[in-house]
Amino acid sequence: MRLTPEQEQVARAQGHIVRVTAYAGTGKTASLVAWAQAHPGQRALYLAFNKSVQLQAQERFPRSVTARTGHALAFRAVGRNYRDKLVATLKPWALAQTGLLGPTPTGAEAVWADVVLRTLQQYLASPDPDIGQHHVPLEAGDWMGPFAWAEPARAVRDARLVWRCMQDPQDRRVGMLHDGYLKLFVLSRPLLPFDVILFDEAQDANPVLLQLVRQQTRAQQIFVGDPFQAIYGWRGAIDAMQQIRPDQDLRLTASFRFGAGIAGWATRILRWFQPQLPPLRGLAPESGQVYAGKGSPPVAYVGRSNSGLFAEAVSGLDRNPGLQLGWVGGIEGYRLDWLEDTARLWQNEPVQLPFLRLFADFDMLQEYAETVEDVEWQGRCRAVERWGSRLPGLIRRVRAASRTPEQATAQFATIHKAKGLEWPHVVVLDDLAPLNGQLTPEDQHLWYVAMTRATRQLGLPEEAWDLLRAPQGSRPQGARQMP
């Protein structure tokens, strides 16, 4: 592969701490492979974002590079001690049933368990040695409103008790999270046997993983990522690109994914807050079409929420009953069974999901979703209110029309599942935040990731299309302000 001048600069990077800001589709992994090929005598660790990225990296990098996730490093040293009690997640309803938490008012068990669990999760992702009140995910107003019966110190106390139980290999009341043994590994301050650390997807870094990299003071550190693709802040991720002080600052701005047309529209959303940013340049020979609307299959629909995608699937089948639906990652990951169970709760019927059994009625579930600002449960509640008793039949219809991705004429993916993927024709749904003066940087990033999945055609909601094609100075007041 012939490198661009920008990629050649990355391949020759010599700084002790190097930051490479790489826009969407600009070949950042290829640039790191070129660096490894140019430095065969350096023992390098490629820190991968997830297991699938790690496996791909193992095939692309030379033998001088070891590809690992942070959790894989930690499991070898610490995680194997908890092999018999490892769990992928902890659920509030399960934590509420352990008997570890203090008494709560009737009906508040799940809400309080959620607060304790999120307190623990924020601690596990942090560089802090102990759990403190700053890890509690509630604001001052919450302690005078829905949690007037509690106090921050109580959340800390309960979270510390859960953490102690989690660390005990013999205590089966609370399983060990993967982030739990990673935290223990980093707290042990290990010295990794590498000359260089290649930190990929650094814009969505686990803070504790960044702490691990910073502890390796003797190793050269190369951070690569796109700050505008930072979309995991809701689960505690931070943008490591903004946390470091680099000796060498490089950019990759030329995308191989699309041509100048789509790149120009993506640049407009990039510059929403920072008009002076370097443009995203498209290298593909076909410019690409950007239009307002939903086009026609074959197409990939990309949206913020599972409920928004379900609504589009229903609308698509109304327009074209023969539409064949594909779901990125499998339809099970979009939790239509949870949506169906929510409809049962609304109809005062028995529910199957243990979490929903904690709520006496649909109104209590709605109050919970609003209190903890859970976008997915809010969306499910709105879907139930929209379709009512028709919902179970619509779910059956969507399931019956679903096929494997190879057979489907329409693909569906949340923005988070779509990250790292691309399709010739992408339609962005209208369940993203409006492009107005209240747009947050986090919402801007979701728009940017969604828009940069297309290689040839990009469909946008009409209102967003009108705003983005308008001159920069005519955008809504406040849109140009720095976050």
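Residues numbered from 1 in each chain as written. Predicted model: local features only at pLDDT ≥ 70, side-chain atom pairs only at ≥ 80, totals over all residues. Heavy atoms only, no water.

A.B. asks: Help me out: how do you make sense of the overall build of the chain in this one?
C.D. replies: Each helix and strand counted, the chain has 18 helices and 16 strands in total. Its C-alpha atoms give the chain a radius of gyration of 24 Å, near enough to 23 Å, the size a compact globule of 483 residues would have. Oriented by its inertia axes, the alpha-carbon framework of the chain measures out at about 65 × 55 × 45 Å. Looking at the chain residue by residue over its 483 residues, the buried ones come to 54%. (Helix = DSSP H or I, 4+ residues; strand = E, 2+ residues; numbered from the N terminus. Rg over C-alpha atoms; globule rule 2.2 N^0.38 Å. Buried < 20%, exposed > 50% of the residue type's maximum accessible area, 1.4 Å probe, protein only.)

A.B. asks: How do you make sense of the pattern of salt bridges when you look at a structure like this?
C.D. replies: For side chains of opposite charge, pairing can occur when their charged atoms come near one another. The final tally for this structure, using the stated rule, is 17 salt bridges. Across the pair Glu312 and Lys294 runs a salt bridge, and its minimum N-O distance is 2.6 Å. With Glu312 in helix α11 (residues 306-319) and Lys294 in the loop between β11 (289-292) and β12 (299-303), this pair connects stretches of sequence that are 18 residues apart. Among the residues examined, Glu312 registers a relative accessible area of 5% and is labelled buried. Note that Arg397 and Asp318 form a salt bridge whose closest N and O atoms lie 2.8 Å from each other. Here Arg397, found in helix α15 (residues 391-400), pairs with Asp318, found in helix α11; they are 79 residues apart in sequence, far enough to count as distant. (Salt bridge = Lys/Arg side-chain N within 4 Å of Asp/Glu carboxyl O.)

A.B. asks: Please clarify how the packing of aromatic side chains should be interpreted in this entry.
C.D. replies: Note on aromatic pairs: each is described by the distance of the centres and the angle between the planes. Scanning the model with the defined rule gives 17 aromatic pairs in all. Ring geometry for Tyr46 versus Phe61: centroids 4.9 Å apart, planes at 40 degrees, classification tilted. Here Phe61 lies in the loop between α3 (51-60) and β3 (65-69) and Tyr46 lies in strand β2 (residues 44-48), a separation of 15 residues in the sequence. For the pair shown, Tyr46 and Phe61 are each scored as buried. Measuring from centroid to centroid gives 5.5 Å for Phe199 and Phe223, while their planes differ by 40 degrees, and the two rings are tilted. Note that Phe199 is positioned in strand β6 (residues 196-199) and Phe223 in strand β7 (residues 220-225), a separation of 24 residues in sequence. Phe223 matches Phe199 in its accessibility class, with the two residues each being buried. Among the aromatic side chains, those forming a connected cluster through ring pairs are Trp112, Trp143, Phe147 and Trp149. The positively charged end of Lys183 is found above the aromatic ring belonging to Tyr123, 4.5 Å away from the centroid. (Phe/Tyr/Trp six-rings, centres within 6.5 Å; stacked < 30°, edge-to-face > 60°. Lys NZ or Arg CZ within 6 Å of the ring centre and 35° of its normal.)

A.B. asks: Help me out: how do you make sense of the sheet that holds strand β15 (residues 423-428) in this one?
C.D. replies: Neighbouring strands of a sheet are bound in pairs by backbone hydrogen bonds; such pairs are parallel or else antiparallel. With parallel pairing, 6 strands are arranged side by side in an open sheet as β11-β16-β15-β12-β14-β13. Two strands in the sheet have a free side with no partner beyond their single neighbour: β11 and β13 (325-327). Neighbouring strand axes in the sheet, compared pairwise and without regard to direction, differ in orientation by 25 degrees on average. By the bridge criterion, 4 bridges tie β15 to strand β16 (residues 454-460) in an arrangement that is parallel. Bridge assignment links Val427 to a residue of β16, and that residue is Gly459. Lying on the sheet, α11 is in contact with β12, β13 and β14 (410-414); it crosses β14 at an angle near 165 degrees. Of the strands in this sheet, β12, β15 and β16 touch helix α17 (residues 441-451), which is tilted by about 145 degrees from β15. (Pairing = 2+ DSSP bridges. Axes fitted to C-alpha atoms, helices over the stretch in contact; angles between N-to-C directions. Contact = heavy atoms within 4.5 Å.)

A.B. asks: Would you mind showing me how to read the environment of Leu209 here?
C.D. replies: Topologically, Leu209 is positioned in helix α9 (residues 207-215). For Leu209, a relative accessible area of 10% translates into the label buried. As a C-alpha pair, Leu209 and Pro127 span 82 residues in sequence and 8.6 Å in three-dimensional space.

A.B. asks: How should I be thinking about the nonpolar core in this particular structure?
C.D. replies: It is characteristic of soluble globular proteins that their nonpolar side chains tend to be buried jointly. Counting residues in hydrophobic clusters, the biggest one holds 145 residues, and the most contacted among them are Phe223 and Phe310. By size, the runner-up hydrophobic cluster in this structure holds 22 residues, among which are Ala13, Leu32, Ala48 and Leu198. (Core = buried A, V, L, I, M, F, W, Y, C linked by side-chain atoms within 4.5 Å.)

A.B. asks: Can you help me understand the packing of helix α10 (residues 260-270) against helix α18 (residues 462-469) in this one?
C.D. replies: The axes of two packed helices give the description: the angle between them and the distance between them. In contact at an axis separation of 10 Å, α10 and α18 are set at 85 degrees when each is read in the N-to-C sense. One element, α10, and the other, α18, form an angle in the roughly perpendicular class. Residues Trp265, Arg268 and Ile269 of α10 pack against Trp465, Leu468 and Arg469 of α18. Of the residues that constitute the contact of α10 with α18, the class distribution is 4 nonpolar, no polar and 2 charged. (Parallel < 35°, antiparallel > 145°, perpendicular 65-115°, else oblique. Nonpolar A, V, L, I, M, F, W, Y, C, P; charged D, E, K, R; others polar.)

A.B. asks: Got a minute to help me understand the packing of helix α6 (residues 109-125) against helix α7 (residues 152-167) in this structure?
C.D. replies: Relative to each other, α6 and α7 sit at 65 degrees, their axes nearing to 9 Å. Taken as axis vectors, α6 and α7 run roughly perpendicular relative to one another. Considering the relative orientation of α6 and α7, their crossing is right-handed. From α6, Trp112, Val115, Val116, Thr119, Leu120, Tyr123 and Leu124 reach across to α7, where they touch Arg154, Ala155, Asp158, Ala159, Val162, Trp163 and Met166. Each residue belonging to the contact of α6 with α7 can be placed in one class, and the counts come to 11 nonpolar, 1 polar and 2 charged. (Left-handed = near helix turned anticlockwise from the far one by under 90°.)

A.B. asks: What exactly am I supposed to notice about the confidence of the model for the chain here?
C.D. replies: If pLDDT is low for a region, its predicted coordinates should not be looked at in detail. Of all residues in the chain, 97% attain a pLDDT of 70 or more, and the chain-wide mean is 92. Across residues 478-483, where pLDDT falls below 50, the model places 14 contacts with residues more than four positions away in sequence or in other chains. (pLDDT = per-residue confidence, 0-100.)

A.B. asks: Got a minute to help me understand the domain arrangement of the chain in this structure?
C.D. replies: By a frequent convention, interface size equals the accessible area lost on bringing the separate parts together. According to the domain assignment, the chain consists of domain 1 (5-76 + 184-252), domain 2 (92-175) and domain 3 (262-474). Each of domain 1 and domain 2 has a C-alpha centre, and these two points are 33 Å apart. Listed per partner, the contact involves 7 residues of domain 1 and 9 residues of domain 2. Note on domain 1 versus domain 2: buried area summed over both sides is about 510 Å², and carbon and sulfur give 64% of it. The largest per-residue losses of area from domain 1 upon contact with domain 2 belong to Leu184, Leu187 and Gln211, which jointly make up 60% of the total buried on that side. On inspection of domain 1 and its partner domain 2, the count reaches 0 salt bridges. At the boundary of domain 1 and domain 2, one finds 2 residue pairs in polar contact (both at pLDDT 80 or more). Looking at the side of domain 1 that touches domain 2, the elements with two or more residues in it are α8 (178-187) and α9. (Domains from an automatic or database assignment. Buried area = accessible area lost by both parts, 1.4 Å probe. Polar contact = N/O pair within 3.5 Å; in protein donor to acceptor, adjacent residues only side chain to side chain.)

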